[in-house]
Amino acid sequence: DEAQHWLNKYKVLENAMDAIFEGNDMAAKVEVIVEYLLTRHADDAKDALRKLGVLPKVLDVYEMSATMEECSIGIGTWRKLVQCFKEFMQVDSISVSEDAWRKLGADVGEIKTGTFEYTKSKKKGASRTEKGSYWAMDPREELERNLSDIVNNYDNFDPSWVDAIQALYAGDHGKGKHRFACKTVLHLTVPGGKKVCETQIYPLADIKATKDTCEIFKKSIHEHLAPGINQVVHGNVLFKQVGEGDARKWECKIVDDKHADFKHPLNAKGVEAFMVGDLKFYSQMLGKEDFASAWCCLCQLKHAQWQGLADTPGVLWTLDLIKQQHDTNQEHGHTGADRMGVREYPYFDIPAENYIWPILHTLIGVGNNILDHLVEYADHKIQLLPGRQIILRDEVKEIDKEIADDEESIAHFTSPNFGSGSDTIRSIKVKISDCRGLIRTHQRSPELAPTVDVPTVEAEIEKYEKEIKSLEDDLAKMKENVKKLKRSRKSKTDAIDTIRSSRKLDNDSLYTGIDRILQRYKINRAEYHGGDLTGVDIKKLMHDAANIMKEIREYLINSLHDDSNETEQSIIDKCGNVETLLTLWDGILSNLHTRFPTTEVCDETQKFVDAAIKLAHEMGMSKTVKGHGAERHIVSQMRRVYGGLFEFDEQWAERIHQEGYKYDMKYRSRSEAKAAYVRVSNTRRSTKPQTQNAMKRVKQRFKKGPLKRTLDNEEEERKAKRERRLAAVEG
């Protein structure tokens, strides 16, 4: 009946067109009708054509923001694209206006900025003064803003849906910047019983300085972050509806225990703050700077006490215990081990037990230790390299780190950015020019500058010129030091070549040969990490441990030195142990990324850890602080933290670093404050839930799923890996 109805309707229209128009030129008839509709009823006609898919839909502000984010373009490039689309596609409008897009990112909090000076100390007692700068935002306000965005994206949201609110704070230093960020995690149970986890990641502060110390942290962003973070630690989130009618929405506010609704049974929810980062960052934030590897940041054990297999769990630190230890140190003048690694009070009120043991950095540390152990075995036992050659190779690595550090300092000095050495020289030259202008004015027209004391001004010029010379000398010294380091590096590599020649060795050491095998699996040592593997490469190493170790085993057997005491079987045993160790840590990493892990998964993870620690001990490897933390702390946190540790892998903080660096490069000609505003505004647009939903639509539509054969192979591989992990535990 419906089909017949439309058929009759179309027939009426056909008859009407035959009655109105003459001739058989249907295209002309249609053109006249469309022209009439677009002239007399333009808006309705265009809307109808868009619904039918004839005209492209005008992008709303979230779709516009999602498009720019997906394409990694700014407003300037977007403007050019729109101009091209309008010309080539003959459309009037592509999206909402630029003003609407700008307003979407305008709801940002106050950005506080400042500068400071610090001393950059070098080896052999040399030092110089550098300028740093920073920007920071209020952590409490940003948490409120982002929580409000999340809940207002739900129709008929109710605070009873909230299971847990977590604020993860992270800091990391690299490429001349310390970056501080937050990840808001909101756990919900929506109608129907489905559990949902919503996250928002956003920057809170940056410090521009080539040095990473507590002194710099306290001189810059600490005072701007601490009040807000401490309010989050001690507060509750109050969900309150504001506005009327269609403008009615939820507002999230952090309230303290003095607020009337602090314990509201329905609308007040607790929020738990955590810290995420590497052990150096933790030691700094807990008032234990420079003791990251000598003392555990979570318990009171030192390096010697956690060695071996018979160590006992240490007493867990609390903020009060750290403060008491600091007071005792001050009162009795404790030094050395008596200080128990404590220098000062913790910087924030985040409980010590909420410093989540670093998953990514433990993975990196453990993976590189295993690889170093294998390379050392190859050097000493298989190829019998002279000790001198190994020492020279290690010295070359250290020189490479020094060169990278100095080149970073030179890049910071010569950059046009605010606070750099070049910027300081430019500003001093302006002052000199102003001083000379005063003198000329006084000499030509004394009545215009009667108070000018020429000798005083000339003394000022002399002082400024000395400052410029001092800065230029600093730069020259840095460049000369790099040249010296490179000459030293060449002399050491030449010495290595001489040793190789005298022993009639091939050009390649086993170290290089093992590297070649790793490179076939796209695993490369990172120059800026001093030759260590990064997290991504460690994951590849663990994932393909069986295949990689098979190749390395055959390579070492074929490279066995005639005078070596090793045998084919001993090489097979060593490589088998390394493979087992990598497989166990792969299992640990996999389990740590389980959402809402069961007791069985947690127990299994602890078994994997215990087996890995035991095997490493049997292989003669010492237990580092990262191994200790994995053995004694990480699984207990996995059990205790709501939802497990899936959201706590510090990879998200690393991504914040990478994104921040891209913004730094793109907006390096702007002041720190303006560049920060652009970055924060763009982050606000891209992290809006509606923008994220638009980006998901694109990914879901155009993402090609794996073939069934691929899925079957992956499932078989997962089963095989699990069997290997369990076998490793039992073995």
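Refer to the structure above for everything that follows.
## Description of the nonpolar core
Here is step 1: Tyr 169, Phe 180 and Phe 348 are the most contacted members of the largest nonpolar core, which totals 135 residues.
Here is step 2: Broken down by element, the residue count for this core peaks at 12 residues, all from helix 12 (residues 359-382).
Here is step 3: With residues up to four places along the chain from it excluded, the contact list for Phe 348 reads Phe 180, Phe 217, His 222, Leu 225, Ala 226, Ile 229, Asn 230, Met 275, Met 285 and Leu 319.
Here is step 4: Counting 18 residues, the second-largest nonpolar core is a separate cluster that includes Ile 439, Val 457, Leu 471 and Val 482.

## Comments concerning the layout of surface pockets
Here is step 1: Volume-wise, the second largest pocket comes out at about 1300 Å³.
Here is step 2: Taken together, the elements giving at least two residues each to the lining of the second largest pocket come down to helix 4 (61-71), strand 5 (195-208), helix 22 (651-666), helix 23 (672-687) and helix 24 (689-702).
Here is step 3: Here the lining of the second largest pocket takes 7 residues from helix 22, the largest share from any one element.
Here is step 4: Looking at the lining of the second largest pocket residue by residue, the classes come out as 14 nonpolar, 12 polar and 13 charged.

## Description of the pattern of salt bridges
Here is step 1: This structure, assessed with the given rule, holds 44 salt bridges.
Here is step 2: Arg 140 is the salt-bridge partner of Asp 138, the closest N and O atoms lying 3.9 Å from each other.
Here is step 3: A salt bridge links Arg 595 to Glu 647; its shortest N-O distance comes to 3.0 Å. Highlighted residues: Arg 595 in the loop between helix 19 (568-592) and helix 20 (599-618) and Glu 647 in the loop between helix 21 (625-640) and helix 22, separated in sequence by 52 residues.
Here is step 4: On the basis of relative accessible area, Arg 595 is assigned to the partly exposed category, the value being 42%.

## Here's the deal with the side chain of Gln 606
Here is step 1: With respect to the secondary-structure elements, Gln 606 resides in helix 20.
Here is step 2: Discounting chain neighbours no more than four positions away, the residues touching Gln 606 are Glu 631 and Val 635.

## A closer look at the packing of aromatic side chains
Here is step 1: Inspection of the entire model under this criterion finds 16 aromatic pairs.
Here is step 2: When the centroid spacing of 5.5 Å and the interplanar angle of 75 degrees are considered together, the rings of Phe 157 and Trp 161 count as edge-to-face.
Here is step 3: Look at Phe 157 and you get buried, because its relative accessible area is 4%.
Here is step 4: Judged by its relative accessible area of 11%, Trp 161 falls in the buried class.

Calculation criteria
- Residues numbered from 1 in each chain as written.
- Predicted model: local features only at pLDDT ≥ 70, side-chain atom pairs only at ≥ 80, totals over all residues.
- Heavy atoms only, no water.
- Core = buried A, V, L, I, M, F, W, Y, C linked by side-chain atoms within 4.5 Å.
- Buried < 20%, exposed > 50% of the residue type's maximum accessible area, 1.4 Å probe, protein only.
- Helix = DSSP H or I, 4+ residues; strand = E, 2+ residues; numbered from the N terminus.
- Contact = heavy atoms within 4.5 Å.
- 1 Å grid on protein atoms, 1.4 Å probe; cavity = no way out; pocket = protein on both sides within 12 Å on 5 of 7 lines; lining within 4 Å.
- Points joined across faces, edges and corners; volume = space filled by probe spheres on them.
- Nonpolar A, V, L, I, M, F, W, Y, C, P; charged D, E, K, R; others polar.
- Salt bridge = Lys/Arg side-chain N within 4 Å of Asp/Glu carboxyl O.
- Phe/Tyr/Trp six-rings, centres within 6.5 Å; stacked < 30°, edge-to-face > 60°.

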